[in-house]
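Each chain is listed here by its residues.
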Amino acid sequence: MKYSFKIFSVFGIPVELHISFLLLMLLIYTVAILNLAPGVDLTAALLITLLFVTVVLHELAHSYVAQKYGIKIDRIILLPIGGVSAMEELPEDPGEELRISIAGPLVNFVIAMICYGIYFAFIGFGSYPYIFEFLNNFALVNLILGVFNLIPAYPMDGGRVLRAILAGRMSYLQATETAASIGKFLAIFMAVVGIFWNFFLILIALFIYIGADAEYKEIMISTILEGVKVGEIMTQKVKTVTGETTVEEVMKIMFKNKHMGYPVFEGNKLAGIITFNDISQAKHGDEKKTITKFMTRDLVTTSPDEPLTDTMTKLNKTGVGRLPVMENGELVGIISRTDIVRALEILKLKKGN
Ligand SMILES: [Zn+2]
């Protein structure tokens with residue numbers, strides 16, 4: 001994730017702190033130590049430290065259970081409203097996802113119970129106000145974080161628990177769609193309440209809405225495209241151009257054929273690809289120059305047998321928007337983002353019910 005950096009490792013998992021959490025901690029420490037605002041005192045500084053410890057324990061619980069199911073954790077990112085355990089893959093079995101998701105909030109509830117237990121067991125004996133205050137605060141932070149994460153909305157743990165439960169009754173895709181819709185609805189509700197009550201709630205609502213939407217799209221795409229190969233949806237008749245083509249000529253071809261990218265051959269060798277984006281770098285007076293000056297030369301290619309999901313990852317990385325499809329060193333087709341979007345729409349109708 002952007003704006004986060006590694007602070008330490010546990011069980012071989014790098015733990016990263018997000019800058020927003022660091023800034024919040026520094027802000028509260030500074031205000032507390034310099035006594036800048038009434039109410040923000042050492043108790044507040046202690047609370048933010050406890051929140052940090054709590055978020056770490058919460059995430060470690062998720063990671064511990066996930067690793068038990070053989071799922072690798074890339075890293076843990078700590079945010080003020082909880083953390084994110086970046087799993088390399090999603091658990092296949094809904095039961096596993098349920099247990100991984102619930103482990104985090106469960107740890108918070110157990111800590112809260114232990115703290116309250118000690119608190120009530122010893123409060124009758126002598127007076128150690130600081131220890132009691134600590135126990136009380138730590139319990140409260142854990143209770144709030146546990147309950148908050150159980151809100152049934154992505155990307156909260158509660159949303160994953162809900163999907164896992166729904167997945168027992170319907171397809172994984174439908175379960176995700178339903179859970180994401182509930183998440184978005186709750187986010188809108190939260191934002192409305194936030195307008196009248198607390199601005200911070202609007203931020204959380206936004207975070208939930210975006211998360212729900214992104215998760216659904218990702219699952220939708222990977223579910224629908226599962227098993228589809230590049231060869232099935234690529235454009236087979238490829239219009240190509242040669243290295244001698246001028247900027248002016250290729251512009252005409254683009255307007256006429258309405259495709260925005262063409263493989264470029266030098267002799268009988270595929271040398272690059274020319275896109276509308278490349279051509280737009282040309283300046284006035286470049287019209288008669290050949291396209292070789294402007295084309296993209298470091299080619300990323302794909303093959304007819306490649307799974308479409310892998311090709312999508314390549315497409316997102318290159319930013320060219322289309323990839324030449326090669327088989328035994330020969331150009332057999334081209335696949336663009338538009339091809340994939342069209343295939344998605346058709347397959348969605350087919351698999352939707
Ligand atoms: Zn969690």
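Residues numbered from 1 in each chain as written. Predicted model: local features only at pLDDT ≥ 70, side-chain atom pairs only at ≥ 80, totals over all residues. Heavy atoms only, no water.

> What should I look at first to understand the pattern of salt bridges in this one?
Close approach of charged atoms allows side chains of opposite charge to pair. Evaluated as defined, the whole model comprises nine salt bridges. One salt bridge in this structure joins Arg-297 and Glu-266, with 3.5 Å as the shortest N-O distance. Note that Arg-297 is positioned in the loop between helix H10 (276–279) and helix H11 (308–318) and Glu-266 in strand E6 (residues 261–266), a separation of 31 residues in sequence. Where salt bridges share partners, they join Lys-184, Asp-213 and Lys-217 into one cluster. (Salt bridge = Lys/Arg side-chain N within 4 Å of Asp/Glu carboxyl O. Helix = DSSP H or I, 4+ residues; strand = E, 2+ residues; numbered from the N terminus.)

> Looking at this model, I keep getting lost on the pairing of strand E1 (residues 4–10). Mind explaining?
Where a strand is regular, its side chains alternate between the two sheet faces. Looking at chain direction, E1 and strand E2 (residues 13–18) are connected through six bridges and run antiparallel. When the sheet's bridge partners are listed, Val-10 is paired in E2 with Ile-13. Count of turn residues in the E1/E2 antiparallel hairpin: two residues, of which Phe-11 carries a positive phi of about 50°. (Pairing = 2+ DSSP bridges.)

> I keep staring at the coordination of the zinc ion and nothing clicks. Help me out?
Around a metal, the idealised angle for a tetrahedral arrangement of four donor atoms is 109.5 degrees; for an octahedral arrangement of six donor atoms it is 90 or 180 degrees. Around the zinc ion, the protein contributes the donor atoms His-58 (NE2), His-62 (NE2), Asp-157 (OD) and Asp-157 (OD), at 2.0 to 2.6 Å from the metal centre. When the donor residues of the zinc ion are listed from N- to C-terminus, their spacing reads H-x3-H-x94-D. With His-58 and His-62 both in helix H2 (residues 42–68), this residue pair falls four residues apart, about one helical turn. Classification of His-58 by relative accessible area gives buried; the value is 1%. Take His-62: its relative accessible area is 6%, and that puts it in the buried class. (Donors = N, O, S within 2.8 Å, 3.2 Å for Na, K, Ca; no water. Buried < 20%, exposed > 50% of the residue type's maximum accessible area, 1.4 Å probe, protein only.)

> Is there a simple way to think about the sheet that holds E6 in this case?
Within the open sheet, the three strands sit side by side as E5-E6-E7. Their pairing is mixed. At either end of the open sheet lies a strand with only one pairing partner, and these are strand E5 (241–242) and strand E7 (269–275). Where E5 and E6 come together, two bridges link them in parallel fashion. Note that in E6 the partner of Val-241 across the bridge is Val-264.

> Would you mind going over the nonpolar core with me for this structure?
General note: in soluble globular proteins, nonpolar side chains tend to be found buried as a group. Counting 28 residues, the largest nonpolar core has Ile-224, Leu-225, Ile-233, Leu-308, Ile-335 and Ile-340 as the members making the most contacts within it. Going through the elements one at a time, helix H5 (157–166), helix H6 (172–196), helix H7 (199–224), helix H8 (230–233), H11, strand E8 (322–327) and helix H12 (337–351) are the ones with two or more residues in this core. Residue contributions to this core peak at five residues, all from H7. Built from parts of two domains, this core gets at least three residues from each of domain 1 (4–224) and domain 2 (230–351). Listed in part, the 24 residues of the second largest apolar core include Ile-13, Ile-71, Ile-100 and Val-141. (Core = buried A, V, L, I, M, F, W, Y, C linked by side-chain atoms within 4.5 Å. Domains from an automatic or database assignment.)

> What's the story with helix H1 (residues 19–33) in this structure? I'm lost.
An α-helix turns once every 3.6 residues. As a result, residues three or four positions apart point the same way. Relative to the 21 Å expected for 15 residues at 1.5 Å per residue, H1 spans 21 Å between its end C-alpha atoms, a close match to the ideal helical length. When H1 is considered as a whole, its buried residues turn out to be Phe-21, Met-25, Ile-28, Val-31 and Ala-32. One face of H1 carries all of its buried residues, which in axial projection span an arc of 140°. Among the exposed residues of H1, those pointing more than 90 degrees away from its buried face are Leu-23, Leu-27 and Ile-33. Looking at the residues trailing H1, positive phi occurs at Asn-35, about 60°. (Expected span 1.5 Å × (residues − 1). Arc of directions from axis to C-beta.)

> Just to check I follow, could you spell out the domain arrangement of the chain for this structure?
Bring the parts together and some accessible area is lost; that lost area is often taken as the interface size. Each assigned domain of the chain is listed with its residue range as follows: domain 1 (4–224) and domain 2 (230–351). On a C-alpha basis, the centroid separation for the pair domain 1 and domain 2 is 44 Å. With six residues of domain 1 at the interface, the matching set in domain 2 holds six residues. For the pair domain 1 and domain 2, the summed buried surface comes to about 530 Å²; carbon and sulfur atoms form 79% of the total. On the domain 1 side of the interface with domain 2, the three residues burying the most area are Met-220, Ile-221 and Ile-224, jointly 82% of the side's total. Linking domain 1 with domain 2 are zero salt bridges. Its residues placed into classes, the side of domain 1 that touches domain 2 shows four nonpolar, two polar and no charged. (Contact = heavy atoms within 4.5 Å. Buried area = accessible area lost by both parts, 1.4 Å probe. Nonpolar A, V, L, I, M, F, W, Y, C, P; charged D, E, K, R; others polar.)

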